[in-house]
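Listed below, chain by chain, are the residues.
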Protein chains: 4
Amino acid sequence: MSRAPDTWILTADCPSLLGTVDAVTRFLYEQRCYVTEHHSFDDRLSGRFFIRVEFRQPEDFDEHAFRAGLAERGEAFGMAFELTAPNHRPKVVIMVSKADHCLNDLLYRQRIGQLGMDVVAVISNHPDLAPLAEWHHIPYYHFPLDPHDKPGQERKVLQVIEESGAELVILARYMQVLSPELCRRLDGWAINIHHSLLPGFKGAKPYHQAYNKGVKMVGATAHYINNDLDEGPIIAQGVEVVDHSHYPEDLIAKGRDIECLTLARAVGYHIERRVFLNANRTVVL
Amino acid sequence: MSRAPDTWILTADCPSLLGTVDAVTRFLYEQRCYVTEHHSFDDRLSGRFFIRVEFRQPEDFDEHAFRAGLAERGEAFGMAFELTAPNHRPKVVIMVSKADHCLNDLLYRQRIGQLGMDVVAVISNHPDLAPLAEWHHIPYYHFPLDPHDKPGQERKVLQVIEESGAELVILARYMQVLSPELCRRLDGWAINIHHSLLPGFKGAKPYHQAYNKGVKMVGATAHYINNDLDEGPIIAQGVEVVDHSHYPEDLIAKGRDIECLTLARAVGYHIERRVFLNANRTVVL
Amino acid sequence: MSRAPDTWILTADCPSLLGTVDAVTRFLYEQRCYVTEHHSFDDRLSGRFFIRVEFRQPEDFDEHAFRAGLAERGEAFGMAFELTAPNHRPKVVIMVSKADHCLNDLLYRQRIGQLGMDVVAVISNHPDLAPLAEWHHIPYYHFPLDPHDKPGQERKVLQVIEESGAELVILARYMQVLSPELCRRLDGWAINIHHSLLPGFKGAKPYHQAYNKGVKMVGATAHYINNDLDEGPIIAQGVEVVDHSHYPEDLIAKGRDIECLTLARAVGYHIERRVFLNANRTVVL
Amino acid sequence: MSRAPDTWILTADCPSLLGTVDAVTRFLYEQRCYVTEHHSFDDRLSGRFFIRVEFRQPEDFDEHAFRAGLAERGEAFGMAFELTAPNHRPKVVIMVSKADHCLNDLLYRQRIGQLGMDVVAVISNHPDLAPLAEWHHIPYYHFPLDPHDKPGQERKVLQVIEESGAELVILARYMQVLSPELCRRLDGWAINIHHSLLPGFKGAKPYHQAYNKGVKMVGATAHYINNDLDEGPIIAQGVEVVDHSHYPEDLIAKGRDIECLTLARAVGYHIERRVFLNANRTVVL
């Protein structure tokens, strides 16, 4: 699972066709790339093929030629691929409001190397979490929400994201509904954590909803943003057992751990290029 | 947890008031009953008190006098109580359709003594599971559904339940919506297993709903019947992790285990008198 | 995960070498076999390569030619492979003593098609479980243990196994230590369930050991038999949370579920050809 | 579960005798203390009784008189009790080496109020974690280990603990074996986290041991220190599922989460006075 230092990741997907696996594996062999992990899945209901390969490069590896050659080989299959270099660390922007448990957890995992990413900015509609970002030497942008000019605030948010060169945006308990325009811009590369086991308890105050319903488990869902509230493709889910003695504030406290773990898991999958979109579902290889 | 052979269970509930615990424990002491396990919970939001005690009787225990004395003592608190004798085995009626995994599991647990109940009848709208009931020497009632006379079928069902002296009805994947009349009759003493983590995926074909939504966990919910479909008070829930490679038929197969375990757990709690109704929620002591 | 009716399974392993993946996938492509799931793993510590492929056959598939061709192709890599036909159901012998929960569970899963195997014999050192086997129309062999002639009993056991044509032996709570000779004969194709999370609580009465140690979790381990007691390669493990109120008999009761689930999972993996031996460890693809 | 602001905790234990529950509950009633949660357990194997009560005080509550009265009442039963005031926050000393995940997690939970404790000192045999302690404004004591004078280092450690007024010491991955003398001093009020599911993989490098054994689950155990290495009474355990693709360094990474969660759970139980010693086991009410 942990990668050796010279290991690349290749991911690809295309419609289901005879020869898709061979197209990739034969090319890798011809390039003398050593495959260390290979996982492919052919979805017989959606008719799509997904593949993820980790390989060690030969000494004289030429990335440019590799990309060109694979593009040519995959053309007949309508194959789109991504190639991730051994030491690539994606730039990441994290958005938060006042709750800091997910931010604290993500920054900790970055710091000890468990998440191979570079958080380049923290954006918030509140000033509260600036000290935490600063202790990690990360710029903190406080863009308060003006109820009369939400588009203006979102323009500032988007500007920071774009100028940062971020490949991933994480909504780590950002408690604002994004406009459809911003959702569209972030479609497929922004991960949100919702504090319920979707599709149960969509919308506001899920732990209070859970209390009122008397459930015996609470959960969290990490999913990609799309333009339907709390409805984007699910990447990871987690649960905790609860009982009658948990008042709403206890559910909130208990839920923090599972929110952190579920979000960190989803971010890890994304960074390791394990997640593929398959209509409104995900394939995680 | 396992009870010694001379151990009674006393459960009671009433509005929250100073002295409720003392009323019960002092009475038990005066009767020289030896308390082995005691759990009480006072719900500060609903303002109700719940208590469950296991106690060993003195040699000269007089059940009649005990009941009379406790009723008198509890009167000032508006306390309702139930007293369960050491060797009491409640009579149970199980309702099924064609799927047999929950029935097989419940009968197995009865046979080895893990569930201290006597299944006195199995009722079905299909003939398929008769051999399984017969192998366990349990009468099997096949009442097919006549679409023009559903009330007639339900009358037969209710007659068997009533004549059997059942204290509990288990809907072990009975795939019919009960009429409001029957629901009302069974309110609080019938347990249903629904094959999703409620409130997610109510209604028909929850595993197909779960597949379409692309969830990463499927679950099961055991709850009391009331007159709102899949909305009765929840007793127990369970989950299983799934992934993209699980087609709907795989979710169905995977879900069987968690349905069995969740239903058996809820039935065990009910039989051991651990479950209290608290408005539309349950307290499980 | 569920296989379409014309789907074969191919598994292979060999030392780690450049070209192993390509050798398999190119051959499959040349044979016009359609790969639906492919998983390979190259263990950088043991230096071994493992691959499991599910594929749909072309209309004119020639198994004999396929085997011959692949053997030739894999020779240069020292590759051993197994090919499993779409409707292959391995013959299985189950060994038990008095506890019937695992046997009941396995036969149930066979009956509903969740485990694609044919149980051809049940062997026991006690007569108790004969009725259960008979209800499933499976021959039951009662070979009591003569303390003065254990080898004699084991000869009878082995004779039934060999004459049955079994490909798999399951020790479903067979409470006897096998002789080193019998262990050697069953090495790699007999699965045992041990009622603890190995390597904790080896040997006799693991639940009593667990009680005395005061653990907060009990577990079960399914592993291949080898000649070291409770030390064979682990296939699957499961756990349950327990607390101070569980006396040894409660741990035994609680453990039954996790024993059944863990054993069934391991048997399923074995039947679906997911398990590879990797020195004293397993790879499960 | 969350306590109202005027809620006290009363815990007591004594030999099993008729009247123990009544002795406590009657006294509370006479003092007009309102019981919100009550849990007692009578261990029929060890013959000991354990009780934990949360109660709201009356307006004119006199702690001194309460203690004196209860001591008198409990004398006949040989009852030892502890009374914990509503806003009591125990002083805590945390010991660490180089790994910071448990320390980071504990300090975070203290900061947001999830663990109601005051960490008054962090002690380490390495300087590495000083900045983390300082960010939380907690004194950091670096006492390097002199192999020729381990007793000298331990004297310094003990001096800080004693002068700090700590009620609890947490060994949050302190990678040194304590001397029997220090163990004796900390017996019953120091919690250690061991990174395996004890009794499996005692001693050094448990994740490497786990890898070599090929287990499918790794775990963590929080236990009280006593004078037998990794053998003190267990408070909490947690597990994570792993597979063949986890190399030792992956097990270490994966284990961090479960170590944090398990230790935080045990510390929470201790602070809420839920843990009782019962010979070499614990009762957690």
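Note that the coordinates shown come from a computational prediction; the quantities given were computed from them, not determined experimentally.

Peer 1: Just to check I follow, could you spell out the sheet that holds strand S7 (residues 140–142) of chain C for this structure?
Peer 2: Two pairing modes exist for strands in a sheet, parallel and antiparallel, and in both the strands are linked by backbone hydrogen bonds. Residue and element names in this part refer to chain C. One open sheet accounts for seven strands, arranged S7-S6-S5-S8-S9-S10-S11; its pairing is mixed. On the outer flanks of this sheet lie S7 and strand S11 (234–241), each paired with one strand and no other. Averaged over all adjacent pairs, the angle separating strand axes in this sheet is 15°, with direction ignored. Where strand S5 (residues 91–96) lies against strand S6 (residues 118–124), six bridges are found, and the strand directions are parallel. Pairing of Ile94 across the sheet is with Val122, part of S6. Where helix H5 (residues 150–164) meets the sheet, it contacts S5, S6, S7 and strand S8 (168–171), and its direction lies at approximately 170° from that of S6.

Peer 1: What is the right way to look at helix H1 (residues 20–30) of chain C in this model?
Peer 2: Given 3.6 residues per turn, any residue in an α-helix points the same way as the ones three and four places further on. Taken across its eleven residues, H1 of chain C has eight buried, putting it largely inside the fold. Looking at the buried residues of H1 of chain C, the elements they touch are helix H1 (20–30) and strand S2 (34–43) of chain A together with strand S1 (7–15), strand S2 (34–43), strand S3 (48–56) and helix H2 (63–75) of chain C. Looking one or two residues past H1 of chain C, Arg32 of chain C carries a phi angle of roughly 55°, positive in sign.

Peer 1: So what exactly am I meant to see when it comes to the relation of the copies chain B and chain A here?
Peer 2: Here the two chain copies are tied together by a rotation about an axis and a shift along that axis. For these two chains of identical sequence, chain B goes onto chain A by a turn of 180° and a shift of 0.0 Å along the axis, with RMSD 0.0 Å. When the rotation and shift are considered jointly, the pair of chain copies conforms to a two-fold rotation axis. It is Gly200 of chain B whose C-alpha, among those of chain B, lies nearest the rotation axis, at 2.3 Å. Most of the interface of chain B is mirrored in chain A, where 97% of its interface residues again form contacts.

Peer 1: What am I meant to see in the side chain of Gln110 of chain C here?
Peer 2: Residue and element names in this part refer to chain C. Tracing the sequence through the fold places Gln110 in helix H3 (residues 101–111). Its relative accessible area of 15% is what places Gln110 among the buried residues. Within the local environment of Gln110, its side chain forms a polar contact with the backbone nitrogen of Val119, the two atoms lying 2.6 Å apart. The residues touching Gln110, leaving out its near neighbours within four places in the chain, are Arg89, Leu115, Met117, Asp118, Val119 and Ile138.

Peer 1: Sorry if this is basic, but what is going on with the pattern of salt bridges here?
Peer 2: Pairs may arise between side chains of opposite charge once their charged atoms sit close together. Inspection of every chain in the model, using the stated rule, returns 76 salt bridges over all chains. Residue Arg273 of chain A is joined to Glu82 of chain A by a salt bridge in which the shortest nitrogen-to-oxygen separation is 3.6 Å. Within this pair, whereas Arg273 of chain A is found in the loop between helix H8 (248–271) and strand S12 (275–278), its partner Glu82 of chain A is found in strand S4 (residues 80–84), the two being separated by 191 residues in sequence. For Arg273 of chain A, a relative accessible area of 16% gives the class buried. Taking the relative accessible area as the measure of exposure, Glu82 of chain A reaches 42% and is therefore partly exposed. With a closest N to O distance of 3.0 Å, Asp118 of chain B and Arg89 of chain B form a salt bridge. Placement of the pair is Asp118 of chain B in strand S6 (residues 118–124) and Arg89 of chain B in the loop between strand S4 (80–84) and strand S5 (91–96), with a sequence separation of 29 residues.

Peer 1: When you look at the sheet that holds strand S7 (residues 140–142) of chain A in this model, what are you seeing that I'm missing?
Peer 2: Residue and element names in this part refer to chain A. Taking strand neighbours across the sheet as the criterion, the seven strands line up as S7-S6-S5-S8-S9-S10-S11 in an open arrangement whose pairing is mixed. The open sheet has two edge strands with one neighbour each: S7 and strand S11 (234–241). Sheet twist, expressed as the average angle between the axes of neighbouring strands with direction ignored, equals 15°.

Peer 1: Honestly, the environment of Asp128 of chain B in this entry has me stumped. Any pointers?
Peer 2: Residue and element names in this part refer to chain B. Assignment of secondary structure puts Asp128 in the loop between S6 and helix H4 (130–135). Sequence separation between Asp128 and Asp100 is 28 residues; the distance between their C-alpha atoms is 8.9 Å. What Asp128 contacts, discounting residues up to four positions off in sequence, is Lys98 and Tyr140.

Peer 1: For this particular structure, what's the right way to read the interface of chain B and chain A?
Peer 2: Think of interface size as the accessible area that goes away when the parts come together; that is how it is often given. Residue-level contacts link 36 residues of chain B with 35 residues of chain A. For the pairing of chain B and chain A, the buried interface totals around 3100 Å² over both sides, and the portion due to carbon and sulfur atoms is 57%. Connecting chain B to chain A are four salt bridges. Arg44 of chain A is the partner of Glu249 of chain B in a salt bridge, and the nearest nitrogen-oxygen pair spans 2.8 Å. Broken down by secondary-structure element, the contributors of at least two residues to the side of chain B that touches chain A are strand S2 (34–43), helix H7 (206–213), strand S11 (234–241), helix H8 (248–271) and strand S13 (281–284) of chain B. If you tally residues by element for the side of chain B that touches chain A, the top one is S11 of chain B, at six residues.

Peer 1: Any chance you could explain the interface of chain C and chain B here in plain terms?
Peer 2: Contact residues are listed per partner, giving 22 residues for chain C and 22 residues for chain B. Summed over both partners, the interface of chain C with chain B comes to about 2000 Å²; 48% of that surface belongs to carbon and sulfur atoms. Where chain C meets chain B, there are four salt bridges. With its nearest N and O atoms 2.8 Å apart, the salt bridge here joins Arg109 of chain C to Asp257 of chain B. Linking chain C with chain B are ten residue pairs in polar contact (both at pLDDT 80 or more), by the criterion used here.

Peer 1: Please explain H7 of chain B as it appears in this structure.
Peer 2: Buried within H7 of chain B are the following residues: Pro206, Tyr207, Ala210, Tyr211 and Lys213 of chain B. Along H7 of chain B, the residues classed as buried sweep out an arc of 165° about the axis, all on the same side. Elements that come into contact with the buried residues of H7 of chain B comprise S2, S11 and strand S13 (281–284) of chain A together with strand S9 (190–194), strand S10 (217–224) and H8 of chain B. Residue Gly214 of chain B follows H7 of chain B closely and has a positive phi angle near 75°.

Peer 1: Help me understand the pairing of S13 of chain B in this model?
Peer 2: It is a general feature of regular strands that their side chains alternate between the two faces of the sheet. Residues and elements named next belong to chain B. Burial along S13 is two-sided: Arg281 and Val283 facing one way and Thr282 and Val284 facing the other are all buried. Relative to S13, strand S12 (residues 275–278) runs antiparallel, the two sharing four bridges. Of the residues in S13, the one forming a bridge with Leu277 is Thr282. Between S12 and the antiparallel strand that follows it, S13, lie two residues; Ala279 among them carries a positive phi value of about 55°.

Cut-off values and rules
- Residues numbered from 1 in each chain as written.
- Chains lettered and ligands numbered in written order.
- Predicted model: local features only at pLDDT ≥ 70, side-chain atom pairs only at ≥ 80, totals over all residues.
- Heavy atoms only, no water.
- Pairing = 2+ DSSP bridges.
- Helix = DSSP H or I, 4+ residues; strand = E, 2+ residues; numbered from the N terminus.
- Axes fitted to C-alpha atoms, helices over the stretch in contact; angles between N-to-C directions.
- Contact = heavy atoms within 4.5 Å.
- Buried < 20%, exposed > 50% of the residue type's maximum accessible area, 1.4 Å probe, protein only.
- Least-squares fit on C-alpha atoms with pLDDT ≥ 70 in both.
- Polar contact = N/O pair within 3.5 Å; in protein donor to acceptor, adjacent residues only side chain to side chain.
- Salt bridge = Lys/Arg side-chain N within 4 Å of Asp/Glu carboxyl O.
- Buried area = accessible area lost by both parts, 1.4 Å probe.
- Arc of directions from axis to C-beta.

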